[in-house]
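Observations on the three-dimensional arrangement
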2 protein chains.
Amino acid sequence: MSLRHGLLGLLAEGPASGYDLLKSFELSLANVWPATQSQLYTELNKLAGSGLIEVVAEGARGRKEYGITESGLAELRHWMTEVPPQQVHRSDMLLRVFFLSQITGEGARSYLRHLGEVAAKGLEELESMREFVDSGTENLSVYGRLALEYGLRLHRTQVEWAQWAEEQIR
Amino acid sequence: MSLRHGLLGLLAEGPASGYDLLKSFELSLANVWPATQSQLYTELNKLAGSGLIEVVAEGARGRKEYGITESGLAELRHWMTEVPPQQVHRSDMLLRVFFLSQITGEGARSYLRHLGEVAAKGLEELESMREFVDSGTENLSVYGRLALEYGLRLHRTQVEWAQWAEEQIR
DNA sequence: CGGTTCATGTAATACGTTACATGATTCG
DNA sequence: CGAATCATGTAACGTATTACATGAACCG
């Protein structure tokens, strides 16, 4: 249900085409709400159908630029302020942890080590992203920075946990 | 695809009915891989159909006790060791953070405060869960403890981040 | 004997992924 | 003029949620 709100949120900052929005999802929202091309175009048509967005311009190659409508803005604000955020995260990574007794001790340690490495790699990426953002060439909002910082802290936590967890298995 | 492996993992520790498994999902796996009753029974039938589990006993009230088969164990281990964990989480909570500029500063602060409170509450719950586990009455595996510790650290991180984030908006 | 718990299933709907399909325009 | 990029869409399939539906057995 939130792809819809991701699109509304982006369109609230200005008109854009499906193609533009896809790029935005790939760049800024990739870690928060990934979406496929297919899903995105379908949802745009649904949103236009229900009047939350509308085509404001048409360009070359069938390009359709969408703008958010008043009722779209209302829906966005309603979602922001009234709809309680859902706290359900599925994690196949953690699910495996529950079943580590099914493999050998060395297998378990190597799995946890791997998790640590992956998290460390993700952390590095986010750090270079922050440097890029801080250099000023890219204008990420204050709020984008908050989200980025969340990612940084989360990854650090995971790196530390993975190290700790590996040590527990002896 | 991982509900399947959650079921296999639980059945690897001993036979159980759909009803039993549902309780296990609600208790131990609720924070890692929530599943509904409907989904679970459907998946059990699929698993039995493909020979990864089998009915080992039938009880009162149509109770069917399932056991994992050799090929089920093989599939579980394959998933544990060969299939790379997916690192894709969607978070409507963070998505909202990206769009906080759409509401007032006070609205934004109150949202972040709320996130902190929710995380703090979750943290408390996990802490009492740990106490319960450590008291020894309940026998959670070493690996369950690792997952629990992950949850604790994650929640602490979120509490701290929410406080920090709220201070950034002035 | 009546309410709770045990126990299993189906149907409709929504959301997400992968693959398929097509074509216009720009740029070198 | 050919490759890359821009640009949009559909179809099939798998997974997840909600609601509906049913009934046996246990316990007080």
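Bear in mind that the values here come from a model prediction, so they are computed numbers and not experimental data. (Residues numbered from 1 in each chain as written. Chains lettered and ligands numbered in written order. Predicted model: local features only at pLDDT ≥ 70, side-chain atom pairs only at ≥ 80, totals over all residues. Heavy atoms only, no water.)

Examining the overall build of chain A
From N to C terminus, chain A includes 7 helices and 3 strands. Ordered by position from the N terminus, the helices and strands of chain A form the series α-β-α-α-β-β-α-α-α-α. In summary, chain A has a C-alpha radius of gyration of 20 Å against a globular reference of 15 Å for 170 residues, an excess of more than 25%. Seen along its three principal axes, the alpha-carbon backbone of chain A occupies a region of about 65 × 35 × 35 Å. The buried share of chain A, reckoned over its 170 residues, is 46%. Within chain A, counting contacts between residues at least 6 apart in sequence, those at least 24 apart form 53% of the total. Side-chain charges of chain A comprise 17 positive and 23 negative groups, with the mean position of each set lying 4 Å from the other. (Helix = DSSP H or I, 4+ residues; strand = E, 2+ residues; numbered from the N terminus. Rg over C-alpha atoms; globule rule 2.2 N^0.38 Å. Buried < 20%, exposed > 50% of the residue type's maximum accessible area, 1.4 Å probe, protein only. Contact = heavy atoms within 4.5 Å. Lys, Arg positive; Asp, Glu negative; His and termini not counted. Charge placed at Lys NZ, Arg CZ, Asp CG, Glu CD.)

Here's the deal with the protein's contact with DNA strand C
Within the structure, DNA strand C sits among 20 residues, and Gln-39 of chain A together with Tyr-19, Gln-37, Tyr-41 and Lys-64 of chain B are positioned closest to it. Backbone atoms, meaning sugar and phosphate, form 67% of the atoms of DNA strand C found within 4 Å of the protein. A distance of 2.6 Å separates a phosphate oxygen of DNA strand C from a polar atom in the side chain of Tyr-19 of chain B. When contributions to the surface near DNA strand C are tallied by element, the ones reaching two or more residues are helix H3 (37–49) of chain A together with helix H2 (18–27) and helix H3 (37–49) of chain B. Partitioned by chemical class, the residues of the surface near DNA strand C number 5 nonpolar, 10 polar and 5 charged. (Near = heavy atom within 4 Å. Polar contact = N/O pair within 3.5 Å; in protein donor to acceptor, adjacent residues only side chain to side chain. Nonpolar A, V, L, I, M, F, W, Y, C, P; charged D, E, K, R; others polar.)

Concerning the UniProt feature "domain: Transcription regulator PadR N-terminal" (unreviewed entry) in chain A
Using the residue numbers shown here, the UniProt feature "domain: Transcription regulator PadR N-terminal" (unreviewed entry) corresponds to residues 7–77 of chain A. Structurally, residues 7–77 of chain A comprises 51% helix and 18% strand, and the distance from its first C-alpha atom to its last is 13 Å. (UniProt positions renumbered as here; feature names shortened; annotations may be inferred.)

What to know about the pattern of salt bridges
For the structure on display, the rule yields 18 salt bridges over all chains. Residues Glu-65 of chain A and Arg-63 of chain A are paired through a salt bridge, measuring 3.1 Å at the closest nitrogen-oxygen approach. In this structure, Arg-153 of chain B engages Glu-149 of chain B in a salt bridge whose closest nitrogen and oxygen atoms are separated by 2.8 Å. Placement of both Arg-153 of chain B and Glu-149 of chain B in helix H7 (residues 142–168) is noted, with a separation of 4 residues, approximately one turn of the helix. Owing to a relative accessible area of 18%, Arg-153 of chain B belongs among the buried residues under this scheme. Among the charged side chains, a salt-bridge network with shared partners connects Glu-106, Arg-109, Arg-113 and Glu-166 of chain A. (Salt bridge = Lys/Arg side-chain N within 4 Å of Asp/Glu carboxyl O.)

Focus: the interface of chain A and chain B
Between chain A and chain B, the residue contacts involve 60 residues of the former and 60 residues of the latter. Together, Phe-98, Tyr-143 and Tyr-150 of chain A form the three largest contributors to the area buried by chain A at its contact with chain B, with a combined 13%. Put simply, chain A and chain B have 0 salt bridges between them. Of the residues forming the side of chain A that touches chain B, the biggest block, 15 residues, is contributed by helix H7 (residues 142–168) of chain A. Here the residues of the side of chain A that touches chain B are counted per class, giving 35 nonpolar, 17 polar and 8 charged. (Buried area = accessible area lost by both parts, 1.4 Å probe.)

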